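Each chain, letter by letter, is given below.
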Amino acid sequence: GGDMHDDLSNETLRPLPLPPLRRRRRGRPRQPLNLDKHAPLFHLLTILRAANAQSLFALHFKALGISQRTAMRRLHILVEQGYLAHVRLDRARRVYHLTPKSIALSPRLMLRASSSMTATPADRQATYCHVRSQLWAALAADGWNIGRNLDACVAIRRYLVDDLVARVAAARADQRASLEAALRTLRAVPGLVPPNKLVCSRCRASCTGGPCSRCGAPTEAKLLDERFACRACHAPVPRGGGDHTDPRTRRSCACRAVREVDVLRYDVAWGRINGVLDVRVLLVDDPSRSVERLVRNLPLVTSAQRPLPLILRHTDPHSRWDPRSCRWASSGRRKAELERLLAAERVTLVDYKSEIQAYFVGL
């Protein structure tokens with residue numbers, strides 16, 4: 001027994017190798033980001049220019065059944081991979097915008113976007129985008145449809161035209177002529193006419209007018225959810241481009257680059273309340289445009305039309321909202337000018353979500 005003890009004591013004892021530690025897997029493994037699934041997100045940003053995270057969750061991720069935590073992580077991944085960029089406004093607010101890498105993802109994005117969309121927006125422009133995206137998200141959460149597409153164009157046209165049609169039918173003989181003239185004016189406004197093209201009612205071929213040149217059948221108008229404009233002079237052009245005149249110089253424009261633009265130049269929220277169509281026009285003061293142009297873009301056509309329900313927001317840094325008293329503590333020149341122009345038009349200001357503002361007292 002002693003000899004065995006001596007032999008063991010003279011040997012170098014080595015520890016037995018331990019099995020490799022296995023990392024414990026928590027939950028499901030992360031799947032690679034599906035960019036096709038988030039194509040509507042990039043398209044949304046071609047409309048909004050930039051938006052904050054909560055608005056993107058409400059307008060995009062929530063419809064896909066994605067939780068808020070997962071949505072924030074995916075936004076972070078999109079920024080890491082260069083498909084989105086963000087700019088911070090203050091300690092609590094930031095907005096996300098497109099990059100050249102995201103625009104190159106599809107021909108539709110390349111057709112809709114411009115190089116200015118990939119540049120970091122200035123502070124006032126970013127603030128405008130923040131307020132606008134918040135209002136979009138709030139309206140969507142309250143059950144409104146909101147956009148600038150064909151459906152929005154049809155909704156605002158029906159809201160204004162149908163009311164005037166009913167008034168013409170109920171008018172006295174001495175009032176009917178003036179109302180009918182106002183109705184013709186309203187129906188012919190380019191901003192209220194949905195984009196369309198003539199197609200054959202039988203073979204669906206595109207036509208220029210009159211009977212179809214192929215089969216002789218009558219033609220009909222087909223509504224289109226798209227408009228196109230010249231990238232240089234912004235004049236409306238067909239999808240494939242073509243000869244056109246610069247609206248500013250009244251001269252022929254040689255540019256052949258075409259860009260897809262929104263059907264409307266303003267935001268419309270629409271829905272049915274007790275079966276009746278109702279709309280709200282959203283006007284957020286865009287610092288990149290003049291006040292006169294903002295009002296001129298609205299569908300304010302004739303004094304005979306019904307008043308336009310308007311949700312108005314100001315982005316003048318000299319105009320600050322007091323959340324305690326729910327009043328304006330100070331008013332800047334641009335805010336006063338915009339309100340003066342709207343006071344002369346047939347609009348009804350709608351009090352909606354007054355807590356969504358650009359600038360507050362003390363900030």
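> It is not clear to me how the environment of R176 should be interpreted in this structure. Could you clarify?
By the element assignment, R176 lies in helix 9 (residues 173–187). Here R176 falls in the partly exposed class, since its relative accessible area comes to 33%.

> Would you explain the nonpolar core in this entry?
Here is a general trend for soluble globular proteins: nonpolar side chains tend to be buried in one another's company. Membership of the largest hydrophobic core comes to 45 residues, with the highest contact counts inside it found for F42, L56, F61 and L84. Elements with a minimum of two residues in this core: helix 2 (39–48), helix 3 (53–61), helix 4 (68–80), strand 1 (84–88), strand 2 (94–98), helix 7 (123–141) and strand 11 (276–284). For L84, the residues in contact, after removing those within four places along its chain, are L41, F42, L45, L75, L78, V79, H97, L98 and T99. One finds A152, V168, V189 and A304 within the second-largest nonpolar core, a separate group that totals 36 residues.

> For this particular structure, what's the right way to read helix 7?
End to end, helix 7 covers 27 Å across 19 residues, agreeing with the expected 27 Å (1.5 Å per residue, within 8%). Of all 19 residues in helix 7, 14 are buried; the element is thus mostly enclosed. In the segment just after helix 7, G143 is the residue with positive phi, at about 95°.

> Please clarify how the sheet that holds strand 12 (residues 308–313) should be interpreted in this entry.
Two strands in a sheet stick together by hydrogen bonds in their backbones, pointing the same way (parallel) or opposite ways (antiparallel). Taken in spatial order, the five strands line up as 3-10-11-12-15 in an open sheet, and their pairing is mixed. For this open sheet the edge positions go to strand 3 (145–147) and strand 15 (347–349), each flanked by a neighbour on one side alone. Adjacent strand axes in the sheet meet at a mean angle of 30°, parallel and antiparallel pairs treated alike. By the bridge criterion, seven bridges tie strand 10 (residues 267–273) to strand 11 in an arrangement that is antiparallel.

> Which parts of the structure should I look at to understand the pairing of strand 14 (residues 327–330)?
Residues in a regular strand point their side chains to alternate faces of the sheet. Pairing geometry for strand 13 (residues 320–322) and strand 14, over three bridges, is antiparallel. Looking at the pairing, W321 lines up with W328 of strand 14. Once strand 13 ends, the chain turns through four residues before running back antiparallel as strand 14, passing C326 with a positive phi of about 55°.

> What is the right way to look at the pairing of strand 12 in this model?
Burial analysis of strand 12 places six of its six residues in the buried class, which makes it a mostly covered element. Side-chain alternation along strand 12 places L308, L310 and L312 on one buried face and P309, I311 and R313 on a second face that is also buried. When strand 12 meets strand 15, the two strands line up parallel, connected through three bridges. Along strand 15, the bridge assignment pairs P309 with T348.

> Looking at this structure, I do not really get the pattern of salt bridges. What am I missing?
Close approach of charged atoms allows side chains with opposite charge to pair. Taken as a whole, this structure holds 18 salt bridges when the rule is applied. In this structure, R204 and E220 form a salt bridge, with 2.4 Å as the shortest nitrogen-oxygen distance. Residue R204 is found in the loop between strand 4 (196–200) and strand 5 (219–223), and its partner E220 is found in strand 5; the two are separated by 16 residues along the sequence. By relative accessible area, which is 42% here, R204 ends up partly exposed. Judged by relative accessible area, which is 34%, E220 ranks as partly exposed. One continuous salt-bridge network, built from bridges that share partners, spans R108, R112, R132, R148, E260, D262 and D267.

Calculation rules
- Residues numbered from 1 in each chain as written.
- Predicted model: local features only at pLDDT ≥ 70, side-chain atom pairs only at ≥ 80, totals over all residues.
- Heavy atoms only, no water.
- Helix = DSSP H or I, 4+ residues; strand = E, 2+ residues; numbered from the N terminus.
- Buried < 20%, exposed > 50% of the residue type's maximum accessible area, 1.4 Å probe, protein only.
- Core = buried A, V, L, I, M, F, W, Y, C linked by side-chain atoms within 4.5 Å.
- Contact = heavy atoms within 4.5 Å.
- Expected span 1.5 Å × (residues − 1).
- Pairing = 2+ DSSP bridges.
- Axes fitted to C-alpha atoms, helices over the stretch in contact; angles between N-to-C directions.
- Salt bridge = Lys/Arg side-chain N within 4 Å of Asp/Glu carboxyl O.

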